[in-house]
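Examination of the molecular architecture
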Amino acid sequence: MKISVIGCGYLGAVHASSMAELGHEVVGIDVDSSKIALLSEGKATFFEPGLTEVLSSALAGGRLRFSSDIADAAGAEVHFIAVGTPQTIGSYAADLTYVDAAVTSLLPYLSAGDLVVGKSTVPVGTAARLAELIATSGSGASLAWNPEFLREGFAVNDTIHPDRLVYGVPAGEAGERATAQLNEIYATAIEAGTPVVVTDYATAELVKVSANAFLATKISFINAMAEIAEVTGADVTQLADAIGFDDRIGRRFLNAGVGFGGGCLPKDIRAFTARAEELGRGESVAFLKEVDAINLRRRQRVVDLVVSALDGQLYNSRVAVLGLSFKPHSDDVRDSPALDVAVQLYGLGASVVATDPQGIENARGRHPQLEYTASVEDALRDASVVVLVTEWPEFTEIDPVWARTLVKTPTIIDARNTLDPVAWRAAGWTYVGLGRP
Ligand code: UGA
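Just so you know, these numbers come straight off a predicted model, no measurement behind them. (Residues numbered from 1 in each chain as written. Predicted model: local features only at pLDDT ≥ 70, side-chain atom pairs only at ≥ 80, totals over all residues. Heavy atoms only, no water.)

Side note on the overall build of the chain
For the chain, the count of helices and strands is 18 helices and 14 strands. For the chain, whose C-alpha radius of gyration is 23 Å, the value lies close to the compact-globule estimate of 22 Å for 437 residues. Sorting the 437 residues of the chain into buried and exposed places 54% on the buried side. Summed over its atoms, the accessible surface of the chain is roughly 18,300 Å², and 54% of this surface lies on carbon and sulfur atoms. Here the chain contributes 35 positive and 54 negative side-chain charges, whose respective centroids are spaced 4 Å apart. (Helix = DSSP H or I, 4+ residues; strand = E, 2+ residues; numbered from the N terminus. Rg over C-alpha atoms; globule rule 2.2 N^0.38 Å. Buried < 20%, exposed > 50% of the residue type's maximum accessible area, 1.4 Å probe, protein only. Areas by Shrake-Rupley, 256 points an atom, 1.4 Å probe, with all protein chains shown as cover. Lys, Arg positive; Asp, Glu negative; His and termini not counted. Charge placed at Lys NZ, Arg CZ, Asp CG, Glu CD.)

Pasting the structure below:
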């Protein structure tokens, strides 16, 4: 199928490359011509395992091209909208400027039978409004909403082998046609047994935000238990293992630690709260404010643990921060708990030296005041306290006996609860986890 993908950021670049990998003929379009130039050379503009490979193979096979001219969308039958919906400055609501601009700029190039497919995460009600805009343009095109559930670090695999497909489509014949077009695009996944949920716009939009709200709630639930564990001497990791054996609960996303970050979970729960309030149903998701508050308290807890490990003497104390990205296998530092902790400690007067396998460049762009090093050894050298904030294998596999020889004081704050306390204590370290005795 001939496809255009409008927006070549995280979502769009992965989607365009993956659709080409599946055999479709794809044009990726973005207003940022420097991004387009790099992508056209097969260079991903962010770190994502496997992306360079699919990008290069699709470009070499002639199935993928990039352009900064929206007119190049003409001729494609399906147009994916994959632009960002960040948090609005000064409010919790999602900023729909880019979605609106993408659809509006596409209107002159739509033909009868074309399908515009929203992939961006939007407040419920957006699709109905955009469908109206497309209908009044007189092109004869229609709209579907097809939310994306990919995880950073697994983005290509999640796009090619999704665990479910959700289509929000209009009623009647237009909906049947949209479903058939999407089924053709995702034929490989559907043949492999991926379930498809065909529904209305509002449900499709809500599936996306409620899935992220549920995941955020699950993480904050276990972090709330960590807070209780901290005042009772209980061990939250054993608690998570024990409740996780119940299939109805499940062990995944029950890792207590410094909490969630990134470009999705934090802003999505806030946008959901803002939208529910607009709809007069703020109380229905008021608990998400508490989910957010618990999450942010965990960052403060990590900072407090460092302050207490240093007896309040932060000035001139060297603190090694292991991790900057919001999670491993990503260079994304948007709303990263790790970077937040590093910046807070710097603000309190500590001499912070931070390291990360992929996140340094992005972190430096936002916070040039911090000291960065690509070497774990250099980060550890002479540290008065070490904080593990992102569970990269490069950090979780550190040999505590070796690390002990580098630091000034052997104290480690394991803000992801991923190290073996027995091994670290045996090597002479003071080990401090979150919600663990
Ligand atoms: C999340 C969702 O998992 C995806 O399904 C969704 O498509 C995506 O947002 C999106 O809306 O685009 P992602 O932001 O890549 O994906 O990251 P997650 O793997 O969900 O992790 C989010 C944060 O939660 C990370 O900071 C991670 O360290 C933290 N986390 C995760 C925990 O603190 N504990 C856990 O048990 C699991």
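After presenting the structure, the write-up continues.
Side note on the packing of helix 9 (residues 201–232) against helix 11 (residues 265–278)
The N-to-C vectors of helix 9 and helix 11 enclose an angle of 115°; their axes lie 9 Å apart at closest approach. Once helix 9 is placed against helix 11, the crossing between them reads as left-handed. Seen from helix 9, the contacting residues are Leu 206, Lys 208, Val 209, Ser 210, Asn 212, Ala 213, Ala 216 and Ile 219; seen from helix 11, they are Leu 265, Asp 268, Ile 269 and Phe 272. By residue class, the composition of the contact of helix 9 with helix 11 is eight nonpolar, two polar and two charged. (Axes fitted to C-alpha atoms, helices over the stretch in contact; angles between N-to-C directions. Left-handed = near helix turned anticlockwise from the far one by under 90°. Contact = heavy atoms within 4.5 Å. Nonpolar A, V, L, I, M, F, W, Y, C, P; charged D, E, K, R; others polar.)

Quick word on the site of the ligand
Around the ligand sit 21 residues, and of these Phe 149, Leu 150, Glu 152, Lys 208 and Asn 212 come closest. At a separation of 3.4 Å, an oxygen atom of the ligand approaches a polar backbone atom of Leu 254. The protein chains hide 90% of the 720 Å² of surface that the ligand would expose on its own. Where the shell around the ligand is concerned, the elements lending two or more residues are helix 9 and helix 11. For the shell around the ligand, the leading source of residues is helix 9, giving four residues. A class-by-class count of the residues in the shell around the ligand yields ten nonpolar, four polar and seven charged. Viewed by domain, the shell around the ligand spans two of them, domain 1 (2–198) and domain 2 (200–437), each represented by three or more residues. (Near = heavy atom within 4 Å. Polar contact = N/O pair within 3.5 Å; in protein donor to acceptor, adjacent residues only side chain to side chain. Domains from an automatic or database assignment.)

As for the packing of aromatic side chains
Inspection of every chain in the model, using the stated rule, returns three aromatic pairs. Considering the side-chain rings of Trp 424 and Trp 429, the 4.9 Å spacing of their centres and the 65° angle between planes classify their relative orientation as edge-to-face. Per residue, the accessibility class of Trp 424 equals that of Trp 429, and both read buried. Over the ring of Phe 154 we find Arg 151; its NZ or CZ atom is 4.4 Å from the centre of that ring. (Phe/Tyr/Trp six-rings, centres within 6.5 Å; stacked < 30°, edge-to-face > 60°. Lys NZ or Arg CZ within 6 Å of the ring centre and 35° of its normal.)

Here we look at the pairing of strand 2 (residues 25–29)
The side chains of a regular strand alternate, first on one face of the sheet and then on the other. Here strand 2 lies mainly inside the structure; four of its five residues are buried. Sheet analysis places strand 1 (residues 2–6) next to strand 2, joined by five bridges and oriented parallel. When the sheet's bridge partners are listed, Val 5 is paired in strand 2 with Gly 28. Following the backbone out of strand 1, through helix 1 (residues 10–21) and into the adjacent parallel strand 2, one traces a crossover that is right-handed. Judged from the four bridges that link them, strand 2 and strand 3 (residues 64–67) form a sheet pairing that is parallel. By the bridge assignment for strand 3, Ile 29 is matched with Ser 67. (Pairing = 2+ DSSP bridges. Right-handed = clockwise from strand over helix to strand, strands pointing away.)

A look at the environment of Ile 134
With respect to the element layout, Ile 134 can be found in helix 5 (residues 126–136). Residue Ile 134 is classed as buried on the basis of its relative accessible area of 1%. Between the C-alpha atom of Ile 134 and that of Leu 107, which follows or precedes it by 27 residues, the distance is 6.9 Å. With sequence-adjacent residues up to four places away left out, Ile 134 is seen in contact with Val 103, Leu 107, Leu 110, Val 116, Ser 139, Ala 141, Ser 142 and Leu 143.

Focus on the environment of Thr 355
In this fold, Thr 355 is placed in strand 10 (residues 351–355). Overall, the relative accessible area of 1% leaves Thr 355 in the buried class. Residues Thr 355 and Ser 111, spaced 244 residues apart in sequence, show a C-alpha to C-alpha distance of 51 Å. Beyond its immediate sequence surroundings of up to four residues, Thr 355 is in contact with Val 321, Leu 322, Gly 323, Leu 324, Ile 360, Thr 373, Ala 374, Ser 375, Val 376, Ala 379 and Phe 395. A distance of 2.7 Å separates a polar side-chain atom of Thr 355 from the backbone oxygen of Thr 373.

Focus on the sheet that holds strand 12 (residues 385–388)
The six strands are arranged 11-10-9-12-13-14 in an open sheet whose pairing can be described as parallel. Taken across any chain shown, the strands that pair with only one partner, and hence form the sheet edges, are strand 11 (371–372) and strand 14 (430–433). As judged from the five bridges shared by strand 9 (residues 318–322) and strand 10, these two strands associate in the parallel manner. Bridge pairing links Val 321 to Ala 354 in strand 10.

Some points on helix 3 (residues 51–60)
Among all positions in helix 3, only Leu 51, Val 54, Leu 55 and Ala 58 are buried. Viewed along the axis of helix 3, the buried residues span an arc of 100°, placing them on a single side of the element. Residues of helix 3 that are exposed and point over 90 degrees away from its buried face: Glu 53 and Ala 60. Directly after helix 3, the chain includes Gly 62, whose backbone phi takes a positive value near 75°. (Arc of directions from axis to C-beta.)

As for the pairing of strand 6 (residues 142–145)
What you see with strand 6 is no split at all: Ser 142 and Ala 144 on one side and Leu 143 and Trp 145 on the other are buried throughout. Taken together, the four bridges between strand 5 (residues 115–118) and strand 6 define a ladder with parallel strand orientation. For Gly 118, the partnering residue across the bridge sits in strand 6 and is Trp 145. The parallel pair strand 5 and strand 6, bridged by helix 5, forms a crossover whose chirality is right-handed.

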